[in-house]
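Survey of secondary and tertiary structure
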Amino acid sequence: MTEIETKLKTIFPDEAAIPEGARLKPLEQKEYLVGGRIKSWAGPRHEVLSPVCLAGKKGPERARLGSYPLMTQKEALEALDAAAAAYDEGRGLWPTLSVEARIAHMEEFIWRMKEKRAEIVNLLMWEIGKSSEDSAKEFDRTVEYIVDTINALKELDRNSSRLSVTQGIIAQIKRAPLGVVLCMGPYNYPLNETFTTLIPALLMGNTVVFKPPKYGVLLHRPLLEAFRDSFPKGVVNTLYGEGRKIIGPLMATGKVNVLAFIGSNKVADVLRQQHPAPHRLRCVLGLDAKNAGIVLPDADLDLAVSECVTGALSYNGQRCTALKILFVHRSVQSEFLEKLVRAIEGLKMGMPWEPKVKLTPLPEAEKPAYLAEVIADAKKHGAKVINEGGGLASASFVYPAVVYPVNAKMRLWHEEQFGPVVPVVPFSDVREPLKYVVDSNFGQQVSVFGRDTDAIAPMLDVLVNQVCRVNVNSQCQRGPDIFPFTGRKDSAEGTLSVSDALRAFSIRSLVAAKDSDANKKLIRRILRGRKSKFLSTDFIL
Ligand code: G3H
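Residues numbered from 1 in each chain as written. Predicted model: local features only at pLDDT ≥ 70, side-chain atom pairs only at ≥ 80, totals over all residues. Heavy atoms only, no water.

**Side note on the site of the ligand**
Formally: The nearness test applies per residue and asks whether one of its heavy atoms lies within 4 Å of the molecule or strand. Side-chain atoms alone can form a polar contact between residues adjacent in sequence; in general such a contact is a pair of N or O atoms within 3.5 Å, and within protein one must be able to donate a hydrogen while the other accepts it. Areas reported as accessible are Shrake-Rupley estimates using a 1.4 Å probe. Residue values count occlusion only from the protein chains shown. Classes in brief: Ala, Val, Leu, Ile, Met, Phe, Trp, Tyr, Cys and Pro nonpolar; Asp, Glu, Lys and Arg charged; the others, Gly included, polar.
Taken together, R141, N188, Y189, E193, R319, C320, T321, Q477, R478 and F485 make up the full set of residues adjacent to the ligand. Between the ligand and N188 there is a distance of 2.8 Å, counted from an oxygen atom to a side-chain nitrogen or oxygen. Between the ligand and T321 there is a distance of 2.7 Å, counted from an oxygen atom to a side-chain nitrogen or oxygen. In the complex, the protein chains occlude 95% of the 310 Å² of accessible area that the ligand would expose alone. When grouped by side-chain class, the residues that make up the shell around the ligand number three nonpolar, three polar and four charged.

What follows is the structure in structure tokens.
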């Protein structure tokens with residue numbers, strides 16, 4: 001038996017071996033937030049199973065974490081109506097509140113959210129199998145994101161706190177909310193990515209219905225009271241259940257003004273088409289990606305390997321920004337592959353609570369079988385798994401596979417594997433990987449590894465028009481969050497940096513008047529009497 005096989009046999013612990021601090025009491029969630037009230041659900045509930053299995057007599061079995069409401073169309077529509085009532089066609093308390101007051105509500109929320117850190121981080125770890133270190137990072141990054149968004153909004157508001165006079169027209173131009181936002185984040189960043197749309201949407205004065213992803217639901221439970229107590233009633237409403245059953249009817253009402261969705265482009269298309277007037281629907285979408293890494297002949301191979309390993313295998317490759325295919329120049333392929341395999345051997349596999357663990361179980365029940373399928377398909381078309389134990393699985397755990405040489409006949413060439421499989425393609429001419437990027441349906445990011453400025457510079461000029469971030473000698477990634485995060489083709493719609501997101505969830509609106517004495521007098525009276533929230537030169541300090 002190989003070392004990996006031996007480790008796999010005992011990778012899942014007995015219940016008794018779970019460290020005290022990581023233990024989790026099942027959370028039976030019956031509550032949902034609608035119209036400012038936390039209601040109790042008496043209907044059927046969904047059983048939540050962890051990617052973490054426990055060793056049992058019959059073999060490893062997913063640990064049960066609790067349950068959450070399987071709401072129906074009726075409750076979904078109730079949540080939507082509550083959000084629509086709170087928005088009240090733009091006349092509600094929240095959309096007409098001053099920016100300063102909205103920020104105060106959000107600051108209260110941050111304070112309440114921070115109190116729940118330990119509970120949320122533990123749930124995050126158990127629900128999606130993310131290491132405790134990365135789960136903590138996700139929480140902290142999210143809090144930081146909220147703080148940065150507040151600062152960006154203050155800046156935006158300061159810049160629009162003055163009136164302008166042009167061609168005989170006095171105007172004040174600001175950004176106004178859009179209406180009801182439906183927020184749905186992905187399972188790989190269930191807290192962070194949900195909040196990267198939810199928070200700017202709220203701060204801009206929209207009201208929200210949010211549905212947590214398929215995995216990563218219970219971790220939102222500790223925040224229900226914080227949402228209820230920090231915002232006016234109906235501003236935040238929660239939905240739980242099967243997306244296919246409850247989201248379609250919401251879209252069909254035409255009452256959703258913004259769809260903020262992070263997931264697959266196929267689902268995004270279906271949702272958009274369900275809206276009776278798609279031209280009225282703004283979409284903010286983070287979708288599929290198949291980011292390529294291109295290793296040039298003169299690359300610093302130690303650096304390239306280290307970035308490719310983190311890029312391809314952080315959180316087991318379950319990141320939209322993950323490097324999902326590597327193109328390596330033939331002149332360095334042997335050395336690169338040898339180093340790559342060695343680096344992967346150095347990654348610690350285990351349970352998410354173990355210090356420094358890098359490889360953990362996968363949340364999607366069907367993922368191990370899918371990964372086995374795409375590996376088998378690659379083998380059928382001439383590739384091999386070149387690392388020992390690559391692709392071996394035990395229940396929800398799959399050991400990373402380096403698959404080589406990959407070609408266009410294979411599914412791994414086209415499909416976003418979203419898991420621990422690293423396809424490697426040898427190339428002789430740099431036009432080959434460039435053609436791959438140009439022909440791809442996806443256009444999020446790319447990484448280029450090399451040292452020759454004359455080789456890299458022209459590549460940059462081609463690649464920036466194909467994707468939305470070209471990383472030089474660095475893995476692909478979203479952060480820092482003040483950088484724009486977006487994609488072309490099937491990869492995204494809208495841009496989500498801290499400041500861009502505020503724009504995505506608002507529209508410019510202005511008050512304008514011909515420059516006459518009567519109008520000046522009127523405007524002056526409104527400003528001095530602080531009679532309007534919009535027409536106001538108040539400056540947030
Ligand atoms: O899943 C996609 C995430 O936005 C990636 O974010 O690059 O910070 O892991 P990250």
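**A few points about the pattern of salt bridges**
Oppositely charged side chains can pair when the atoms bearing their charge come close. What counts is decided by this rule: Here, a salt bridge means any side-chain nitrogen of Lys or Arg that lies within 4 Å of a carboxyl oxygen of Asp or Glu. Put simply, DSSP H or I for four residues or longer makes a helix, DSSP E for two residues or longer makes a strand, and each gets a number counted from the N terminus. In this scheme, a residue with accessible area under 20% of its type's maximum is buried, one over 50% is exposed, and one in between is partly exposed, where area comes from a 1.4 Å probe on protein chains only.
Considering all chains together, one arrives at 34 salt bridges under this definition. Note that R64 and E28 form a salt bridge whose closest N and O atoms lie 2.9 Å from each other. Of the two residues, R64 is situated in strand 5 (residues 61-69) and E28 in strand 1 (residues 27-28); the sequence distance between them amounts to 36 residues. Overall, the relative accessible area of 35% leaves R64 in the partly exposed class. Here D229 ties to R228 by a salt bridge, and the two come within 2.8 Å at their closest N and O atoms. One network of salt bridges, in which partners are shared, links E28, R45, E47 and R64.

**Considering the packing of helix 11 (residues 301-313) against helix 12 (residues 333-345)**
In plain terms, the rule: Convention adopted: a line fitted to C-alpha atoms gives each axis, helices being fitted over their contacting stretch, and angles between N-to-C directions are expressed from 0 to 180 degrees. By definition in this entry, angles of less than 35 degrees are roughly parallel, angles greater than 145 are roughly antiparallel, angles of 65 to 115 are roughly perpendicular, and the rest are oblique. Left-handed describes a crossing whose near helix is turned anticlockwise from the far helix through less than a right angle; right-handed describes the clockwise counterpart. Here a residue-residue contact requires only that any non-hydrogen atoms of the pair lie within 4.5 Å.
Relative to each other, helix 11 and helix 12 sit at 50°, their axes nearing to 9 Å. Classified by the angle between their axes, helix 11 and helix 12 sit oblique to one another. Crossing of helix 11 over helix 12 shows right-handed handedness. Residues L301, D302, A304, V305, C308, V309 and L313 of helix 11 form the contact with helix 12, whose participating residues are E335, F336, K339, L340, A343 and I344. Partitioning the contact of helix 11 with helix 12 into residue classes produces 10 nonpolar, no polar and three charged.

**Remarks on the environment of P44**
Note that P44 resides in the loop between strand 3 (37-40) and strand 4 (45-54). We classify P44 as exposed; its relative accessible area is 55%. Put simply, P44 and M71 are 27 residues apart on the chain and 7.8 Å apart in space, counted from C-alpha to C-alpha. Once residues within four sequence positions are removed from consideration, P44 is found in contact with P69 and L70.

**A short note on the sheet that holds strand 9 (residues 207-211)**
Put simply, the rule reads: By the convention used here, strands pair only if DSSP detects at least 2 bridges between them.
With mixed pairing, the six strands of this open sheet are ordered in space as 10-9-8-11-12-24. Looking at which strands have only one partner, the edges of the open sheet turn out to be strand 10 (236-238) and strand 24 (492-493). Strand direction decides the pairing type here: strand 11 (residues 258-262) and strand 12 (residues 282-286), joined by five bridges, are parallel. Paired with L259 across the strands is C283, a residue of strand 12. The strands touched by helix 2 (residues 73-87) within the sheet are strand 8 (180-184), strand 9 and strand 10, with strand 9 carrying the most contacts at an inclination of about 160°. The strands touched by helix 7 (residues 192-203) are strand 8, strand 9, strand 10 and strand 11; relative to strand 9, the strand with the most contacts, the crossing angle is about 165°.

**A closer look at the packing of aromatic side chains**
The description of an aromatic ring pair uses the distance of the two centres, along with the angle that the planes make with each other. Threshold: Any two rings among Phe, Tyr and Trp, with Trp reduced to its six-membered ring, count as a pair given centres within 6.5 Å; such a pair is stacked if its planes are under 30 degrees apart, edge-to-face if over 60, and tilted if neither. To sit over a ring, a charge needs its Lys NZ or Arg CZ within 6 Å of the ring centre and within 35 degrees of the ring normal.
A full pass over the atoms with the stated rule returns 15 aromatic pairs. Pairing F109 with F195 gives two aromatic rings, centres 6.2 Å apart and planes at 40°, and the pair type is tilted. Here the residue F109 occupies a position in helix 4 (residues 99-114), and F195 occupies one in helix 7, the gap between them amounting to 86 residues. Across the pair, exposure class does not vary: F109 and F195 are buried alike. A ring pair is formed by F109 and F231, whose centres lie 5.7 Å apart and whose planes are at 40°; its orientation type is tilted. Residue F109 is located in helix 4, and its partner F231 is located in the loop between helix 8 (224-230) and strand 10; the two are separated by 122 residues in the primary sequence. F231 sits in the buried class, given a relative accessible area of 5%. Taken together through their ring pairs, the aromatic side chains of W94, F109, F195, F210, F227 and F231 make up a single cluster. A cation over an aromatic ring shows up here: K130 above the ring of Y189, its NZ or CZ 3.8 Å from the ring centre. Directly above the aromatic system of Y315 lies the positively charged group of K130, at a separation of 5.0 Å from the ring centroid.

Any link to function would need more than the numbers given here.
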